[in-house]
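Listed here are the chains, written in short residue letters.
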Amino acid sequence: MASQLTFIGAGNMASAIFGGLIDNGYPAEAITATSPDEAMLEQHRARYGIQTTTDNAAAVSEADVVILAVKPQIMREVCEPLQDALQISRPLVISIAAGLTIDTLGQWLGDDSLPIIRCMPNTPALVGQGATGLYAPPGLSEAHRALAGDLLSAVGIIEWVEEESLLSAVTAIAGSAPAYFFYMLEAMENAGVARGLSRDIARRLAVQTALGAAHMAKESEHDPKTLKQQVMSPKGTTERAIASFEQAGFEKMVDDATLACFERAESLARELRDQ
Ligand SMILES: NC(=O)C1=CN([C@@H]2O[C@H](COP(=O)(O)OP(=O)(O)OC[C@H]3O[C@@H](n4cnc5c(N)ncnc54)[C@H](O)[C@@H]3O)[C@@H](O)[C@H]2O)C=CC1
Ligand SMILES: O=C(O)[C@@H]1CCC=N1
């Protein structure tokens, strides 16, 4: 029988995961999502057929797995009232919150012996194409690791990391990164329009090119650098475009942006710990 999943928070990331799970065959009746936003809950009920409630503690007391999916800044006020309910069901707790450490979470949940796994997913989970980094502290059972791994691998690829701090690096190149690619697509679409294409055609071409390039990078025996060179005919068009990117400092721009993201994950961890 499917594990009973409770999502505390029913926003963008939670709905990407439960939507992806349901599309992959997970029974909607085994999923509960909570939020104070009743209109949002109604939308999820209608669209996915999941159970919903505004009562976090009631949802937790029936769960095998609790996925903490609220913003890091309100996690403390959400977690502390769950302490008694967690002692009834003693579920596996999975946090998807950026920055927030297992240590801090254990304190807020009032029991540092609760099994807690941290992960950093991303929104393409909704279409079964997520990329999730996971961390489990030493001593956590194989069964709990397998349970978390099975859930997240149903909506994309998973990678376990051996140190909790590496989740900040996962955030920098995967958790936050769909936004970077959407940003690139936005810019490509605008560039196509500036060169005379209709917006629809520019969008379709840019999106399919991104899909095709990602698919090739995943399937090919070659690394991205080689694949890039295969497109660049000597004295041809691509060479000019790449030279222009290089001149504008593209690699540094990517390094700076991912560093800013990484550092924000780390500073969030400190802010939350000292709350
Ligand atoms: N959006 C993304 O791409 C990713 C987000 N995350 C993490 O996921 C978490 C949620 O982020 P989003 O889904 O983007 O935020 P969101 O704002 O879309 O969703 C947050 C949800 O929490 C609900 N909520 C607020 N107060 C609550 C309470 N007292 N009890 C229960 N639910 C409550 C809101 O109604 C909303 O449904 C954050 O911790 C974030 O760091 C992690 C990876 C990617
Ligand atoms: O922007 C954020 O803080 C969240 C975490 C990773 C993606 N979205």
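Residues numbered from 1 in each chain as written. Chains lettered and ligands numbered in written order. Predicted model: local features only at pLDDT ≥ 70, side-chain atom pairs only at ≥ 80, totals over all residues.

A.B. asks: Tell me about the overall build of the chain, residues and numbers included.
C.D. replies: Scanning the chain from N- to C-terminus turns up 13 helices and eight strands. Expressed along its principal axes, the backbone C-alpha trace of the chain runs to roughly 70 × 40 × 35 Å. Counting all 275 residues of the chain, 34% fall into the buried class. Considering only residue pairs separated by 6 or more positions, the chain has 68% of its internal contacts joining residues 24 or more positions apart. (Helix = DSSP H or I, 4+ residues; strand = E, 2+ residues; numbered from the N terminus. Buried ≥ 20, exposed ≤ 12 C-beta atoms within 10 Å, placed from the backbone. Contact = placed C-beta atoms within 7 Å.)

A.B. asks: Go over the nonpolar core with me, naming the residues and quoting the values.
C.D. replies: Judged by nonpolar contacts, the single largest core of 61 residues is most densely connected at Phe7, Ala14, Ile67, Leu68, Ala69 and Ile94. Broken down by element, this core gets its largest block of residues, six residues, from helix α1 (residues 12-23). Not counting residues within four places of it along the chain, the set of residues in contact with Ile67 comprises Leu5, Phe7, Ile8, Ala14, Ile94 and Ile96. (Core = buried A, V, L, I, M, F, W, Y, C linked by C-beta atoms within 7 Å.)

A.B. asks: Give a detailed account of the site of ligand 2, specifying residues and quantitative values.
C.D. replies: As a structural note, the neighbourhood of ligand 2 is formed by Ala98, Thr171, Gly175 and Ser176. Looking at the shell around ligand 2 residue by residue, the class counts come to one nonpolar, three polar and no charged. (Near = placed C-beta within 6 Å. Nonpolar A, V, L, I, M, F, W, Y, C, P; charged D, E, K, R; others polar.)

A.B. asks: Could you give an account of the UniProt feature "binding site: NADP(+)" (unreviewed entry) in the chain, naming the residues involved and the relevant values?
C.D. replies: When the UniProt feature table is mapped onto this chain numbering, "binding site: NADP(+)" (unreviewed entry) sits at Ile8, Gly9, Ala10, Gly11, Asn12, Met13, Ser35, Ala69, Val70, Lys71 and Pro72. One can find Gly11 in the loop between β1 (5-8) and α1. Looking at the secondary structure, you find Met13 in helix α1. If sequence neighbours within four positions are ignored, Met13 has contacts with Ala69, Ile96, Pro121 and Thr123. (UniProt positions renumbered as here; feature names shortened; annotations may be inferred.)

A.B. asks: How would you sum up the confidence of the model for the chain? Please name residues and give values.
C.D. replies: Here the chain averages 97 in pLDDT, and 100% of its residues register 70 or above. Scored as a complex, the prediction yields pTM 0.96 and ipTM 0.99. (pLDDT = per-residue confidence, 0-100.)

A.B. asks: Go over the environment of Ile102, please, and point to the residues and values.
C.D. replies: Here Ile102 shows up in helix α6 (residues 102-108). Under the C-beta neighbour-count criterion, Ile102 is labelled buried, with 20 such atoms within 10 Å. Considered as a pair, Ile102 and Ala136 are 34 residues apart in the sequence and their alpha carbons are 9.0 Å apart. Setting aside chain neighbours within four positions, we find Ile102 in contact with Ile116, Arg118, Pro137 and Glu164.

A.B. asks: How would you sum up the domain arrangement of the chain? Please name residues and give values.
C.D. replies: When cut into domains, the chain gives domain 1 (5-162) and domain 2 (177-266). For domain 1 and domain 2, the distance between their C-alpha centroids amounts to 33 Å. (Domains from an automatic or database assignment.)

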